Amino acid sequence: MSFLKRSGKGTLLRMRSLLLVLPLFSAGCAGLRPVSEGSDPAGWPAKLCSGPGRSFAATEAPLFRETGRLLYAVGDLLEAPALAVEGVLRLRPESFREAGEKFVVGAGGTLTAALNLPFFFVTGPNVDLARDAALVNSALEHMETVPPEKLRIWPSDRRTEVYPKGTRVRPCGKGLLWTIPGEGEVLQVAEESPFFRLAMETVGPDVSAQERSWGFIVPRRKDWDAKKPRDRASTIVHEFYHQHMQIRRQFLGWSAVYWPAYGWTYLRKGWIRHWAEMSGPNGAGTVDRALDGWKP
């Protein structure tokens with residue numbers, strides 16, 4: 001009996017230790033900076049959402065995939081109060097600005113993920129991006145050698161680089177995990193979309209991919225697989241520009257604002273004169289210009 005008591009007490013101690021250490025293990029999965037420190041208990045709820053969220057978002061199971069995206073967005077949202085607490089306790093005024101940024105980005109991402117989750121059962125299978133990781137890195141290396149003037153697509157365009165120098169990818173399931181110096185890691189996944197296929201077959205132009213806040217969609221996976229490897233890699237890099245540089249940076253994660261703005265401009269000006277594509281100071285066309293002449 002005394003042995004059982006000792007065993008039970010030891011189990012409780014191990015469980016308590018695990019619960020205390022788990023948030024610290026999750027700290028590396030917290031996502032994009034700014035994030036609260038791993039030793040800060042106020043930030044543990046955020047990391048307990050972000051870590052599993054990113055793992056689930058890379059899976060094949062539609063329900064887990066959509067739930068993961070929601071958890072990851074909630075993790076962003078929960079970083080806001082954690083950063084605010086750090087600002088008070090550590091006398092870091094910049095933490096309040098960071099907390100405000102996380103609140104806006106997290107709220108936008110949470111809204112998008114919450115709207116998408118109920119439709120998990122009509123999403124398609126994942127597209128294999130991981131097989132093209134080496135080609136994507138080759139493209140990123142090439143882009144770093146392109147003169148700044150060649151990257152610019154508009155008179156007010158002042159870009160000197162497409163992505164921060166040293167940005168690279170590595171496989172994560174069938175997706176890609178982008179490591180962006182000074183910012184952190186971003187998961188990019190792609191999936192087949194029956195709705196997108198139907199739209200392309202009825203009223204839409206022939207588009208091979210369309211961005212999302214978590215990656216992109218394609219009409220048919222078999223058509224994507226049939227594309228030349230170079231074309232797949234350049235499309236991956238182009239779509240990530242929409243995902244990260246525009247939806248997350250420019251629109252602070254608010255896809256609910258990005259898409260009405262995109263659609264309105266497309267109806268009025270088309271693709272060539274579109275601010276998100278081939279015109280304006282932040283168009284994704286900079287990727288196409290940077291990869292002109294790239295030979296993997």
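Residues numbered from 1 in each chain as written. Predicted model: local features only at pLDDT ≥ 70, side-chain atom pairs only at ≥ 80, totals over all residues. Heavy atoms only, no water.

Asks: Can you help me understand the packing of helix H5 (residues 133-143) against helix H9 (residues 229-250) in this one?
Replies: In helix packing, the relevant descriptors are the interaxial angle and the interaxial distance, both defined with respect to the helix axes. Contact geometry for H5 and H9: axes closest at 9 Å, N-to-C directions at 65 degrees. Considering their axes alone, H5 and H9 lie roughly perpendicular with respect to each other. In terms of crossing hand, the pair formed by H5 and H9 is right-handed. Residue-level contacts link Leu 135, Val 136, Ala 139, Leu 140 and Met 143 of H5 to Pro 229, Arg 230, Ala 233, Ile 236 and Val 237 of H9. For the contact of H5 with H9, the class distribution of residues is nine nonpolar, no polar and one charged. (Axes fitted to C-alpha atoms, helices over the stretch in contact; angles between N-to-C directions. Helix = DSSP H or I, 4+ residues; strand = E, 2+ residues; numbered from the N terminus. Parallel < 35°, antiparallel > 145°, perpendicular 65-115°, else oblique. Left-handed = near helix turned anticlockwise from the far one by under 90°. Contact = heavy atoms within 4.5 Å. Nonpolar A, V, L, I, M, F, W, Y, C, P; charged D, E, K, R; others polar.)

Asks: What am I meant to see in unusual backbone geometry here?
Replies: Note that the residue after Arg 33, namely Pro 34, is joined by a cis bond; omega there is 0 degrees. You can see Pro 34 is positioned in the loop between helix H1 (2-26) and helix H2 (44-57). Despite not being glycine, Leu 252 shows a phi value in the positive range, around 50 degrees. By secondary structure assignment, the location of Leu 252 is in the loop between H9 and helix H10 (255-269).

Asks: Help me out: how do you make sense of the nonpolar core in this one?
Replies: One finds Val 136, Met 143, Tyr 163, Trp 178 and Val 237 to be the most contacted residues of the largest nonpolar core, which totals 33 residues. Those elements that provide at least two residues to this core are H5, strand E2 (175-180), strand E3 (184-192), strand E5 (215-218), H9 and helix H11 (285-290). For this core, the element with the most residues is H9, which contributes six residues. Discounting chain neighbours no more than four positions away, the residues touching Val 136 are Val 169, Leu 176, Trp 178, Ala 233, Ile 236 and Val 237. The next biggest cluster of nonpolar side chains, apart from the first, holds nine residues, and it includes Ala 57, Leu 177, Val 189 and Phe 196. (Core = buried A, V, L, I, M, F, W, Y, C linked by side-chain atoms within 4.5 Å. Buried < 20%, exposed > 50% of the residue type's maximum accessible area, 1.4 Å probe, protein only.)

Asks: Can you help me understand a nonpolar patch on the surface in this one?
Replies: Side chains of Val 85, Val 88, Leu 89 and Phe 96 sit close together on the surface and give an oily, nonpolar patch of about 390 Å² of accessible area. Among the elements that make up the nonpolar patch, the one with the highest residue count is helix H3 (residues 62-89) (three residues). Mapping Val 88 onto the fold places it in helix H3. With a relative accessible area of 53%, Val 88 lands in the exposed category. (Patch = residues over 30% accessible without salt bridge, like charges linked within 9 Å, V, L, I, M, F, W, Y side chains within 5 Å. Areas by Shrake-Rupley, 256 points an atom, 1.4 Å probe, with all protein chains shown as cover. Salt bridge = Lys/Arg side-chain N within 4 Å of Asp/Glu carboxyl O.)

Asks: Explain the side chain of Glu 185 here, please?
Replies: With respect to the secondary-structure elements, Glu 185 resides in strand E3. Taking relative accessible area as the criterion, Glu 185 reaches 17% and is therefore assigned buried. In terms of polar contacts, Glu 185 uses its side chain to reach the side chain of Arg 54, at 3.3 Å. Side chain to side chain, Glu 185 and Arg 170 meet in a polar contact 3.0 Å long. (Polar contact = N/O pair within 3.5 Å; in protein donor to acceptor, adjacent residues only side chain to side chain.)

Asks: Would you mind going over the confidence of the model for the protein with me for this structure?
Replies: Reading predicted coordinates in detail is not appropriate for stretches of low pLDDT. The predicted model of the protein averages 88 in pLDDT, with 89% of residues at 70 or higher. Confidence, read as mean pLDDT per element, is least for H1 in the protein (39) and greatest for H5 (98). Segment residues 1-30 is flagged for pLDDT under 50; beyond a separation of four residues in sequence, or across chains, it makes 20 contacts in the model. (pLDDT = per-residue confidence, 0-100.)

Asks: Would you take a moment to explain the pattern of salt bridges for this structure?
Replies: Here the idea is simple: oppositely charged side chains can pair when their charged atoms come close. The tally for this structure, following the rule as stated, stands at 19 salt bridges. A salt bridge links Asp 225 to Arg 131, with the nearest nitrogen and oxygen atoms 2.6 Å apart. Of the two residues, Asp 225 is situated in helix H8 (residues 221-226) and Arg 131 in the loop between helix H4 (94-116) and H5; the sequence distance between them amounts to 94 residues. For Asp 225, a relative accessible area of 34% corresponds to the partly exposed category. Note on Arg 131: relative accessible area 39%, which makes it partly exposed. Several salt bridges share partner residues, and in doing so they unite Arg 65, Glu 66, Arg 69 and Glu 191 into one network.

Asks: Can you walk me through the packing of aromatic side chains in this structure?
Replies: Here the distance between the centres and the angle between the planes together describe a pair of aromatic rings. For the structure on display, the rule yields 14 aromatic pairs. Seen from their ring centres, Phe 120 and Phe 121 are 5.7 Å apart, and the 90 degrees between their planes marks the pair as edge-to-face. In this structure Phe 120 comes out as partly exposed when scored by relative accessible area, which is 27%. Centroid distance Trp 178 to Phe 240: 3.8 Å. Interplanar angle 5 degrees. Geometry classified as stacked. One end of the pair, Trp 178, is in strand E2; the other, Phe 240, is in helix H9, with 62 residues separating them in the sequence. Neither Trp 178 nor Phe 240 differs from the other in exposure class; each is buried. These aromatic residues form a ring-pair network of at least three members: Phe 251, Tyr 258, Trp 259, Tyr 262 and Trp 275. (Phe/Tyr/Trp six-rings, centres within 6.5 Å; stacked < 30°, edge-to-face > 60°.)

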